[in-house]
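A closer look at the structure
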Amino acid sequence: MAKQEKNPKKKEKTQKSTTQKKSKSYRIAVIPGDGTGPEVIREGVKVLEAVGRRFNIKFNFTFFDWGGERYLRTGETIPEGGIEELKKHDAIYLGAIGHPQVKPGILEKEILLRIRFELDQYINLRPVKLYPGVWTPIKDKGPEDIDFVVVRENTEGLYAGGGGFLRKGTPYEVAIQESINTRYGVERCIRFAFEYCRKRNKKKKVTLVGKTNVLTYAWDLWYRVFEEVGKEYPDIEKDYAHVDAVCMWFVKNPEWFDVIVTDNMFGDIITDLGAMIQGGMGIAAGGNINPNGVSMFEPIGGSAPKYTGKNVINPLACICAGMMMLEWLGEGEPAKAIEKAVIKVCRDHLKSLSAGKMGYSTTEVGDLVTKYVEEGVEL
């Protein structure tokens, strides 16, 4: 009898422990930013709160007013100690950066790039996925054809800021912009791509995108490292393509791709093309990843100032960025719930993904996604 009495207590303790494990808490730094950024972040936070209610997750949001308005008011982009504050959080949720009254480059360099560099977010991760019911400009292609990921190096290359002027403002002016590529930076980016491809477990193929026939120094390094690291992953197919050819194949044969790895500049360019073939900027989300630190997630469409305050911008890209954030935090089931809700809204409700043409307001789209997350919709 003593043994029989002991077991129920042990079972009760185990059940309690399991319940406690399911109740999680995350600290999320929220930077609404400029233009339509606060509008889309509002909807993204709304959806995350719905996820929290359904899956027993507590999100502690800390809002930071960094952006154009603060800069115009105070002359300050990120206040002293701001980066250290971000480090106290589990992830960063960004709306948009870019203000029409601030000279281009100031906010982008002093907020976006500074966060990426100082938090060592060395991977920019961009899924390119066409959802059912979403229009693509690529004829005769569907969701089964457009489903790949771009892994873009995020802290080196042309964005590192190497270069300068000689005799600026004279007829003999020289401007030099240097692409900085380190073995360390290149290798960790390529290794991330192979690991991600293995985890993704779809076509099991990594394509290096570069320009080895012209950019003979940087891309000689990239190609050599790609070949060397690739030997450690015999289960994954290795491929190479010039960046200009990839722009053609995104349009002609997007089904060829699984995981693409490339440098900062080429990645910036081809991911915008990727956004268009997946339906537009209204649904394109990205992550700035530090695998061992704090990562930042955002819609890639920018601040879209001409739509500010009109409640017509599409919030799905920001909502999908929240979904990526959950995936990165290890919350796969809640992330999948958001994706199913987004698919249902795209398939059954929206006339278009373009701002002002959706047939619904920004708020209404957020409400629909929230509703389907709460209901646990199945497709």
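Scroll up a little and you will see the structure.
The notes below deal with the structure included here. (Residues numbered from 1 in each chain as written. Predicted model: local features only at pLDDT ≥ 70, side-chain atom pairs only at ≥ 80, totals over all residues. Heavy atoms only, no water.)

Pairing is mixed in the open sheet, where 10 strands are placed in the order β2-β1-β3-β12-β11-β4-β5-β10-β8-β9. Edge positions in the open sheet fall to β2 (57–63) and β9 (237–242), since each of these has one partner strand only. Strand-to-strand, the axes of this sheet are offset by a mean angle of 25°, without reference to chain direction. Two elements, strand β8 (residues 205–210) and β9, share 6 bridges in a ladder whose sense is parallel. Note that in β9 the partner of V209 across the bridge is A241. On top of the sheet, helix α6 (residues 183–200) reaches β4 (123–129), β5 (147–153), β8, β9, β10 (259–262) and β11 (285–289); it is set at about 160° to β5, its chief contact. Across the sheet, helix α10 (residues 316–328) lies against β1 (24–33), β2, β3 (91–96), β4, β11 and β12 (295–299), angled at about 155° from β12, the strand it touches most. (Pairing = 2+ DSSP bridges. Helix = DSSP H or I, 4+ residues; strand = E, 2+ residues; numbered from the N terminus. Axes fitted to C-alpha atoms, helices over the stretch in contact; angles between N-to-C directions. Contact = heavy atoms within 4.5 Å.)

Another point: the side chain of T207. Examined against the element boundaries, T207 turns out to sit in strand β8. In this structure T207 touches D239, Y240, A241, F257, V259, I260 and V261, once residues within four positions along its chain are discounted.

This model, assessed by the stated rule, comprises 15 aromatic pairs. Aromatic pair F192 and Y196: ring centres 6.0 Å apart, planes at 15°, arrangement stacked. Of this pair, F192 and Y196 both sit in helix α6, 4 residues apart, roughly one helical turn. Its relative accessible area of 22% is what places Y196 among the partly exposed residues. Site record: aromatic cluster; members linked through ring pairs are Y26, F59, F61 and F63. A cation over an aromatic ring shows up here: R152 above the ring of Y159, its NZ or CZ 5.2 Å from the ring centre. Against the face of Y122 rests R188, its NZ or CZ located 3.8 Å from the ring centre. (Phe/Tyr/Trp six-rings, centres within 6.5 Å; stacked < 30°, edge-to-face > 60°. Buried < 20%, exposed > 50% of the residue type's maximum accessible area, 1.4 Å probe, protein only. Lys NZ or Arg CZ within 6 Å of the ring centre and 35° of its normal.)

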